[in-house]
Amino acid sequence: AQLVESGGGLVQPGGSLRLSCAASGFTFSTYAMTWYRRAPGKGREFVAALAGTGGDTDYSTAVKGRFTISRDNAKNTVYLQMNSLKPEDTAVYYCNARSTALWRLRGEYGYWGQGTQVTVSS
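Everything quoted here is computed from the prediction, not taken from an experiment.

**Concerning the overall build of the protein**
Here's step 1: A tally of helices and strands in the protein yields zero helices and 11 strands.
Here's step 2: Secondary structure of the protein in N-to-C order comes out as β-β-β-β-β-β-β-β-β-β-β.
Here's step 3: Relative to the globule expectation of 14 Å for 122 residues, the C-alpha radius of gyration of the protein, 13 Å, shows essentially globular dimensions.
Here's step 4: Within the protein, buried positions represent 43% of all 122 residues.

Right under this line is the structure:
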């Protein structure tokens, strides 16, 4: 299994970015997908989750209302649309695929990408 993130970069506060994560090597449509992030000097924290079926979503309090997770099963890709970015959103963002039974659990389950850096600064 492989997950490859892209779309990170430098953006000013209040700006937007869309992260993508291309999946291969497993049946993408049957997995729940999540995004986590790790800020400098901190542990990896949950950002957003999308259940494998039904379209149910879950967001951390820090990003709810600003970030949107979505998926395109035809392209084996999950996205994270990030709006109204803040300096505290600066982190390496990781894509994760896990069993649908675990979609709302927090923790190191399933497959992980290598991460993409997002820096929010003026």
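Structure shown, so let's carry the discussion forward.
**Quick look at the sheet that holds strand S8 (residues 77-82)**
Pairing between the strands of a sheet is mediated by backbone hydrogen bonds and can be parallel or antiparallel.
Here's step 1: Reading across from one edge, S1-S3-S8-S7 is the order of the four strands in this open sheet, with antiparallel pairing throughout. Every other strand in the sheet has two partners, leaving strand S1 (2-6) and strand S7 (67-72) as the edge strands with one partner each. Across the sheet, the axes of successive neighbouring strands diverge by a mean angle of 15°, strand direction being ignored.
Here's step 2: In this sheet, strand S3 (residues 17-24) lies alongside S1 in antiparallel orientation, the contact comprising five bridges. Note on S3: the bridge partner recorded for Leu3 is Ala23.

**Some remarks on the state of the cysteines**
Here's step 1: On inspection of all chains with the given rule, the structure shows one disulfide.
Here's step 2: Note on cysteine connectivity: Cys21 is disulfide-linked to Cys95, with sulfurs 2.1 Å apart. Its S-S torsion of about -80° marks the bond between Cys21 and Cys95 as left-handed, since a negative value means left-handed. Here Cys21, found in strand S3, pairs with Cys95, found in strand S9 (residues 91-99); they are 74 residues apart in sequence, far enough to count as distant. With respect to burial, Cys21 and Cys95 carry one shared label: buried.

**What about the pairing of S8?**
Each regular strand carries side chains that alternate between the two faces of the sheet.
Here's step 1: By the criterion of burial, S8 is predominantly enclosed, with five of the six residues buried.
Here's step 2: Examined bridge by bridge, S3 and S8 share six bridges and lie antiparallel to one another. Following the sheet pairing, Cys21 is matched in S8 by Val78.
Here's step 3: Count of turn residues in the S7/S8 antiparallel hairpin: four residues, of which Asn76 carries a positive phi of about 50°.

**A few points about the pattern of salt bridges**
Here's step 1: Summed over all chains, the structure comprises five salt bridges.
Here's step 2: Measuring nitrogen to oxygen at the nearest pair gives 2.6 Å for the salt bridge that ties Glu45 to Arg37.
Here's step 3: A salt bridge links Asp89 to Arg37, with the nearest nitrogen and oxygen atoms 3.0 Å apart. One end of the pair, Asp89, is in the loop between S8 and S9; the other, Arg37, is in strand S4 (residues 31-38), and 52 residues separate them in sequence. By the burial criterion, Asp89 is buried, and Arg37 matches it.

**Brief notes about the packing of aromatic side chains**
Here's step 1: Counted according to the given criterion, the structure contains five aromatic pairs.
Here's step 2: On the basis of an interplanar angle of 65° and a centroid distance of 4.8 Å, the ring pair of Phe26 and Tyr31 is categorised as edge-to-face.
Here's step 3: Here Phe26 and Tyr111 contribute two aromatic rings whose centre-to-centre distance is 5.2 Å and whose plane-to-plane angle is 45°, an arrangement assigned as tilted. Separated by 85 residues along the polypeptide, Phe26 in the loop between S3 and S4 and Tyr111 in strand S10 (residues 111-112) bring together distant segments of the chain.
Here's step 4: The partly exposed category is assigned to Tyr111, whose relative accessible area is 34%.
Here's step 5: Through a chain of ring-to-ring contacts, three or more aromatic side chains come together here, namely Phe26, Tyr31 and Tyr111.
Here's step 6: The residue whose ring lies beneath Arg44 is Tyr94, and the NZ or CZ to ring-centre distance is 4.6 Å.
Here's step 7: Between the NZ or CZ atom of Arg71 and the centre of the ring of Phe28, over which it lies, the distance is 4.5 Å.

The rules behind each value
- Residues numbered from 1 in each chain as written.
- Predicted model: local features only at pLDDT ≥ 70, side-chain atom pairs only at ≥ 80, totals over all residues.
- Heavy atoms only, no water.
- Helix = DSSP H or I, 4+ residues; strand = E, 2+ residues; numbered from the N terminus.
- Rg over C-alpha atoms; globule rule 2.2 N^0.38 Å.
- Buried < 20%, exposed > 50% of the residue type's maximum accessible area, 1.4 Å probe, protein only.
- Pairing = 2+ DSSP bridges.
- Axes fitted to C-alpha atoms, helices over the stretch in contact; angles between N-to-C directions.
- Disulfide = S-S within 2.5 Å.
- Salt bridge = Lys/Arg side-chain N within 4 Å of Asp/Glu carboxyl O.
- Phe/Tyr/Trp six-rings, centres within 6.5 Å; stacked < 30°, edge-to-face > 60°.
- Lys NZ or Arg CZ within 6 Å of the ring centre and 35° of its normal.

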